Amino acid sequence: VDPASIRSRTTTEEERIHEVGEDPGEVHRNSATTTTTTATKRGIRLIKKTEGCMSREPPCTCRKCSLISLGEVEPREVHTMIKFIKQNKFKRMLNKELSHFSESKSGNQISEYICSTFLDKDQEVDVRGEHPVEEAPKEAEEGSRVMSIITGVNNKSLDHTNSVMLTSGVPRYGVHTKTEEELGQCLERVDQWGLDIFKVSDLSNHRPLTAVTYTIFRDRDLLKIFKIPSEKLVSLLLTLEDHYLKDVPYHNSIHAADVTLSINTLLNSNALESVFTPLEVMTAIFSAAIHDVDHPGLTNQYLINTSSELALMYNDESVLENHHLAVAFKLLQNQDCDIFVNLNKKQKQTLRKMVIDMVLATDMSKHMSLLADLKTMVETKKVAGSGVLLLDNYTDRIQVLQNMVHCADLSNPTKPLDLYRQWCDRIMEEFFQQGDREREAGLDISPMCDRHNATVEKSQVGFIDYIVHPLWETWADLVHPDAQDILDALEDNRDWYQSQIPVSPASSSIDLKEDDESNNEE
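To keep things clear, this report deals only with the structure shown in the data block.

Reading the values: the criteria
- Residues numbered from 1 in each chain as written.
- Predicted model: local features only at pLDDT ≥ 70, side-chain atom pairs only at ≥ 80, totals over all residues.
- Heavy atoms only, no water.
- Helix = DSSP H or I, 4+ residues; strand = E, 2+ residues; numbered from the N terminus.
- Contact = heavy atoms within 4.5 Å.
- Phe/Tyr/Trp six-rings, centres within 6.5 Å; stacked < 30°, edge-to-face > 60°.
- Buried < 20%, exposed > 50% of the residue type's maximum accessible area, 1.4 Å probe, protein only.
- Lys NZ or Arg CZ within 6 Å of the ring centre and 35° of its normal.
- Expected span 1.5 Å × (residues − 1).
- Polar contact = N/O pair within 3.5 Å; in protein donor to acceptor, adjacent residues only side chain to side chain.
- Core = buried A, V, L, I, M, F, W, Y, C linked by side-chain atoms within 4.5 Å.
- Salt bridge = Lys/Arg side-chain N within 4 Å of Asp/Glu carboxyl O.
- Axes fitted to C-alpha atoms, helices over the stretch in contact; angles between N-to-C directions.
- Parallel < 35°, antiparallel > 145°, perpendicular 65-115°, else oblique.
- Nonpolar A, V, L, I, M, F, W, Y, C, P; charged D, E, K, R; others polar.

### So, unusual backbone geometry
Going from His-480 to Pro-481, the amide bond is cis rather than trans, its omega being 5 degrees. Mapped onto the elements of the fold, Pro-481 is located in the loop between helix H20 (456-478) and helix H21 (484-499). Even without being a glycine, Asp-221 presents a positive backbone phi close to 65 degrees. Here Asp-221 shows up in the loop between helix H8 (208-219) and helix H9 (222-225). A positive phi angle, close to 45 degrees, is found at Ser-318, a residue other than glycine. With respect to the helices and strands, Ser-318 occurs in the loop between helix H14 (309-313) and helix H15 (319-332).

Structure representation (structure tokens):
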């Protein structure tokens, strides 16, 4: 990276320099950078106009313009500065857009859901203590007595629960099923985006995670590269799948299998060809497979609000994600499940660190930070004039892998519409079940969790516009043009849900006006 070239080549860098400095007053009143943010059906679009000091000849020497000399700053420091500014800019931008979006009752509920889920906010603290003490809400029974040591939900044992019958060898796809031929035909498309994971579940005797992960490990030759005994791999996968709760509508082994499929496809991007080592590839696939193990079907905020043992153990920080990691590594301690037995010490340390970093990145409250990292990486590479993705240090490599698993975790809206609709029904039912618990316990019902007051179609449009599309659009920039079909499918699905929003007489004229303005801006 040539730091000296950043200042003159892009408007974006000019804005960053101004944002870092303090406001010197009237000197820059007429040279402010204005940013108009417009939410269209293609997601969030930024229209920028920059005039003033930075374009003067000779260059302006006022304090604001001369505060940072990029020619004297190391590329890593520039990267860190850009990330900090961009992350805060994204938050301000989203808050501004959602303030308009929340003017209606349904929009306000969706706005609250997006803010509470995807923004990493500090807990509110009463420092004056003037409010009367209220009786603590009754804690929901299930999911509250989860762990004092590493155990599963409701103190379920994490002992090895499966033994593979090897009288005729390990099954071809890791599972015993009467429909092995049909399953094989389906898994021939394991590298393709949008494989019907629900069909895989039916054909694999409801063992989709085992079938998918075993097939990917085998096809990528990871068993040979890392000397993984096939019996141990199948034993681990079956045991892992048993610890995904079957009565949880969304965060179950089908979801884990779908995320594993998605990350396998993203790893095949031409822009990432030969970028990652076999160990990093295996780590990414393993992370996807374990990323929601033993999920109780409740949100982090619910566990915190009910003072669950999980929240107490992990100090309210990425509660579920820490639990998923603890359960997965505990399962690996079973002798029959230790698939990494033949890795050397350095490989095991590296794998564990990367798995932790990737699974913690699935905490949706980290969304803005991840997006800022990804956007900064894309813009830094463009500034450097590099057409090749060069990841020469751990920080850059793990940031790409973290965003990859985050994209895979938020990939439902990019899948074929019939699959997307099934996922939508499942996540809404999981939300509603949490809302039912909250109602029974006398708690405030979380946004989008009230089955009697939910606007599913509008929530999906807002979810895509403000969260999913900006993320996938940035990922598509990183691996251009490999993800263009995925982005097109996302936009088509967004349009379909938009068409399904019921039009009330009171809002029809407003909606039509907004659509006209949006079309004119495009």
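Read on, since the account is not over.
### Observations concerning the environment of Leu-391
Within the element layout of this structure, Leu-391 appears in the loop between helix H17 (367-383) and helix H18 (394-409). Setting aside residues up to four positions removed in sequence, Leu-391 forms contacts with Val-275, Phe-276, Met-377, Asp-396, Arg-397 and Val-400.

### Quick notes on the packing of aromatic side chains
Under the defined criterion, the tally for this structure stands at six aromatic pairs. For the pair Phe-198 and Trp-423, a centre-to-centre distance of 4.7 Å together with 40 degrees between the ring planes defines the contact as tilted. Here Phe-198 is found in helix H7 (residues 197-203), whereas its partner Trp-423 is found in helix H19 (residues 417-440), with 225 residues between them in sequence. Since its relative accessible area comes to 9%, Phe-198 is described here as buried. When the ring of Trp-496 is compared with that of Tyr-497, the centres are 5.0 Å apart and the planes differ by 90 degrees; the resulting orientation is edge-to-face. Here Trp-496 falls in the partly exposed class, since its relative accessible area comes to 24%. Among the residues examined, Tyr-497 registers a relative accessible area of 4% and is labelled buried. For the cation-ring pair, Lys-415 lies above Trp-193, with the distance from its terminal atom to the ring centre recorded as 4.9 Å.

### A closer look at H18
With 16 residues, H18 extends 22 Å between its outermost C-alpha atoms, agreeing within 8% with the 22 Å of an ideal straight helix rising 1.5 Å per residue. Taking burial as the measure, the 16 residues of H18 include 14 buried ones, the bulk of the element. Measuring from the side-chain oxygen of the N-cap residue of H18 to the backbone nitrogen of Thr-395 gives 3.2 Å; that N-cap residue is Asn-393.

### Quick word on the side chain of Asn-300
If you trace the backbone, Asn-300 turns up in helix H13 (residues 300-305). Within polar-contact distance, the side chain of Asn-300 engages the side chain of Glu-321 at 3.1 Å. In contact with Asn-300, other than residues within four places in its own chain, are Ser-318, Val-319, Leu-320, Glu-321 and Asp-363.

### Quick word on the nonpolar core
Of all hydrophobic cores here, the largest spans 113 residues; its most connected members are Ile-197, Phe-276, Met-282, Met-404, Trp-472, Trp-475 and Leu-478. Contact partners of Trp-475, with chain neighbours within four places excluded, come to Leu-266, Leu-272, Leu-374, Val-400, Asn-403, Met-404, Cys-407 and Ala-483. With 12 residues, the next largest nonpolar core counts Tyr-302, Leu-303, Leu-310 and Ala-441 among its residues.

### Description of the pattern of salt bridges
Counted by the stated rule, this structure contains 13 salt bridges. Among the ionic pairs, Lys-246 bridges to Asp-242, the shortest N-O distance being 4.0 Å. Residue Lys-246 is classed as exposed on the basis of its relative accessible area of 67%. For Lys-353, the salt bridge identified is with Asp-357, shortest N-O distance 3.8 Å. Pair noted here: Lys-353 and Asp-357 are both in helix H16 (residues 345-360), with a separation of four residues, about one helical turn. Under the relative-accessibility criterion, Lys-353 is labelled partly exposed at 45%. Linked through salt bridges whose partners overlap, the residues forming this network are Glu-429, Asp-436, Arg-439, Asp-450 and Arg-451.

### As for H15
End to end, H15 covers 20 Å across 14 residues, agreeing with the expected 20 Å (1.5 Å per residue, within 8%). All of the buried residues in H15 are Val-319, Leu-320, Glu-321, His-323, His-324, Leu-325, Ala-326, Val-327, Ala-328, Phe-329, Leu-331 and Leu-332. Buried-residue contacts for H15 involve helix H10 (230-242), helix H12 (278-290), H13, H14 and H16.

### A word on the packing of H19 against H20
Relative orientation of the contacting elements H19 and H20 amounts to 105 degrees, with a least axis distance of 12 Å. For the element pair H19 / H20, the angle class is roughly perpendicular. Residue-level inspection shows Tyr-420, Cys-424 and Met-428 of H19 in contact with H20, the latter providing Val-456, Gln-460 and Ile-464. Of the residues contributing to the contact of H19 with H20, the split by class is five nonpolar, one polar and no charged.

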